[in-house]
Amino acid sequence: MAKRPQVLIVEDQLGPRKSLEMILSPFFDIHTADLGKKALELLQEKPIDVVTLDLRLPDLHGMDVFRQIKRLHADVEVIIITGYGEFKTALDALHLGASSYLLKPFNTGDVLSAINRAAGKKRQIDQLKAFLMKIGGMIGLKKELSQGIKMLEEDSSLFDKVKALFERTDQEIEEERRVNHFEFIRTLIDAIEKKDPYANGHSSRVHYYSYLISQRLRLTELEKEELLIGAYLHDIGKLGIDQQIVQKKGRYTEEEMEAIKRHAEIGINLVAPLNLSPNILALIRHHHEYYIGQGYPDGISGEDIPLLARIVAVADAFDAMVTDYPYEYRKVLSLDEAAAELKHCSGIQFDPKVVSALIDTIEEEHDRILLKSALLADL
Ligand SMILES: [Fe+2]
């Protein structure tokens, strides 16, 4: 079972403290503090996710406690509890990065939705950190990334910007979240590929060819977005494979090929902290399946292969044909030669309707595609 979010209630009056505890304890692990000093001590000791902070405390001013929390624990979400007459202070706190505020006396629904939202944001940030650390370890940047994360934690304004990028609250901003994910992933993959001159621009081009194909197939808007995110991520599992094998010039030995084949499954594990949709995960897993079966990792065939994976399979192969990869031993094909090669493999390696979609586009927009592919060659 997933770990329950840890909530710290900072409130000196017994009544409101007990009522918050009663509302929240079925869903969250609760800690309480009746003084500001005690609250700051507890934050040092426990992995608190969300704080509800009453601004009127007997020892310290609530705003000072708030500033201390943000300075020392920037990723902890703080919800301001306010009574009549303190509204202005609550607004100040919002400007300084508080999640939201709640008015006394409490309404159960408001309390639960505010805490849920804050806990969701915190979880998202934790996932982002876990993902960055994992990736950082793989590309040999663990130290730099952990320093970067520390910097984020120490600079709450910077942290809030990243949080805004990754915020997930509720359904209304679901769409925005997907876009944010996409921007984040694109930046990350471009940065990773820059470290490997052989892969430079590959994901962007696969993304572009997938986009061209998607324009001619009947996909929902959601499927199109998932396709474009997945196209960027399809080979991320290669980070988990010995780079000497990945960048080897010439043919792979059987053993090396087995190692390479693992990238589809490694990719799924790697992106697990990002909480991506099942369609994107299926794309990453199955982009090397063959239409007649016998591909990898599962050897499934035809319509059993998820459509988005069939699209990326064509886009990926097409890029390998038309791009001059230093480690490839075959000759670079022109767009027309590559189209002929795709046709040749249609119904065997590739889904015929996906191949037709790309070939039709190439026939109609040959020069534009040539130009755009060239521009993406050296991002
Ligand atoms: Fe791949």
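Thresholds applied
- Residues numbered from 1 in each chain as written.
- Predicted model: local features only at pLDDT ≥ 70, side-chain atom pairs only at ≥ 80, totals over all residues.
- Heavy atoms only, no water.
- Pairing = 2+ DSSP bridges.
- Helix = DSSP H or I, 4+ residues; strand = E, 2+ residues; numbered from the N terminus.
- Axes fitted to C-alpha atoms, helices over the stretch in contact; angles between N-to-C directions.
- Contact = heavy atoms within 4.5 Å.
- pLDDT = per-residue confidence, 0-100.
- Donors = N, O, S within 2.8 Å, 3.2 Å for Na, K, Ca; no water.
- Buried < 20%, exposed > 50% of the residue type's maximum accessible area, 1.4 Å probe, protein only.
- Core = buried A, V, L, I, M, F, W, Y, C linked by side-chain atoms within 4.5 Å.
- Phe/Tyr/Trp six-rings, centres within 6.5 Å; stacked < 30°, edge-to-face > 60°.
- Expected span 1.5 Å × (residues − 1).

Things to note about the sheet that holds strand E2 (residues 29-33)
Right, on to step 1. Taken together, five strands build an open sheet; the order of strands is E2-E1-E3-E4-E5 and the sheet is parallel. Two strands lie at the open edges of the sheet, namely E2 and strand E5 (100-103), each paired on one side alone. For this sheet, the mean inter-axis angle between neighbouring strands, taken without regard to orientation, is 20°.
Right, on to step 2. Across five bridges, the pairing between strand E1 (residues 6-10) and E2 is parallel. Its bridge partner being in E2, Gln6 is matched across the sheet by Asp29.
Right, on to step 3. Of the strands in this sheet, strand E3 (50-54) and strand E4 (77-82) are in contact with helix H3 (residues 62-72), which crosses E3 at around 160°.

Looking at the confidence of the model for the protein chain
Right, on to step 1. On average, the protein chain scores 82 in pLDDT, and the residues at 70 or more come to 78%.
Right, on to step 2. Taken element by element, the protein chain is modelled with least confidence in helix H7 (residues 156-166), mean pLDDT 53, and with most confidence in E2, mean pLDDT 97.
Right, on to step 3. Of the regions scoring below 50 in pLDDT, residues 165-173 engages in 22 contacts with residues more than four places distant in sequence or in other chains.

Structural notes on the coordination of the iron ion
Any two of four tetrahedral donors ideally make an angle of 109.5 degrees at the metal, while pairs among six octahedral donors ideally make 90 or 180 degrees.
Right, on to step 1. Protein coordination at the iron ion comes from Asp235 (OD), His263 (NE2), His287 (NE2) and His288 (NE2), with a distance range of 2.1 to 2.3 Å.
Right, on to step 2. Coordination of the iron ion draws on donor residues from a single chain, spaced D-x27-H-x23-H-H in sequence. Of the two residues, His287 and His288, neither departs from the other in class, the shared state being buried.

Quick look at the nonpolar core
Right, on to step 1. Among the nonpolar cores identified, the biggest contains 47 residues, and Ile213 and Phe318 are the most heavily contacted of them.
Right, on to step 2. Those elements that place two or more of their residues in this core are helix H9 (202-216), helix H10 (221-233), helix H13 (263-271), helix H14 (278-286), helix H15 (307-322), helix H16 (335-345) and helix H17 (352-375).
Right, on to step 3. At 10 residues, H15 tops the list of elements feeding residues into this core.
Right, on to step 4. Filtering out sequence-adjacent residues up to four positions away, Phe318 remains in contact with Tyr209, Leu335, Ala338, Ala339, Leu342, Leu358 and Ile362.

A word on the packing of aromatic side chains
Working definition: an aromatic ring pair is given by the centre-to-centre distance plus the angle between the planes.
Right, on to step 1. Tallied over the full model, the rule gives three aromatic pairs.
Right, on to step 2. With centroids separated by 6.4 Å and ring planes inclined at 65°, the aromatic side chains of Phe27 and Phe28 adopt a geometry described as edge-to-face.
Right, on to step 3. Given a relative accessible area of 47%, Phe27 falls into the partly exposed group.
Right, on to step 4. Both rings, one in Tyr209 and one in Phe318, keep their centres 4.9 Å apart while their planes meet at 90°; by these two values the pair is edge-to-face. Residue Tyr209 is located in helix H9, and its partner Phe318 is located in helix H15; the two are separated by 109 residues in the primary sequence.
Right, on to step 5. According to the relative accessible area criterion, Tyr209 is buried, its value standing at 0%.

Here's the deal with H10
Right, on to step 1. Its 13 residues place the ends of H10 19 Å apart at the C-alpha level, agreeing with the 18 Å of an ideal helix rising 1.5 Å per residue.
Right, on to step 2. Among all positions in H10, only Lys224, Glu226, Leu227, Leu228, Ile229, Gly230, Ala231, Tyr232 and Leu233 are buried.

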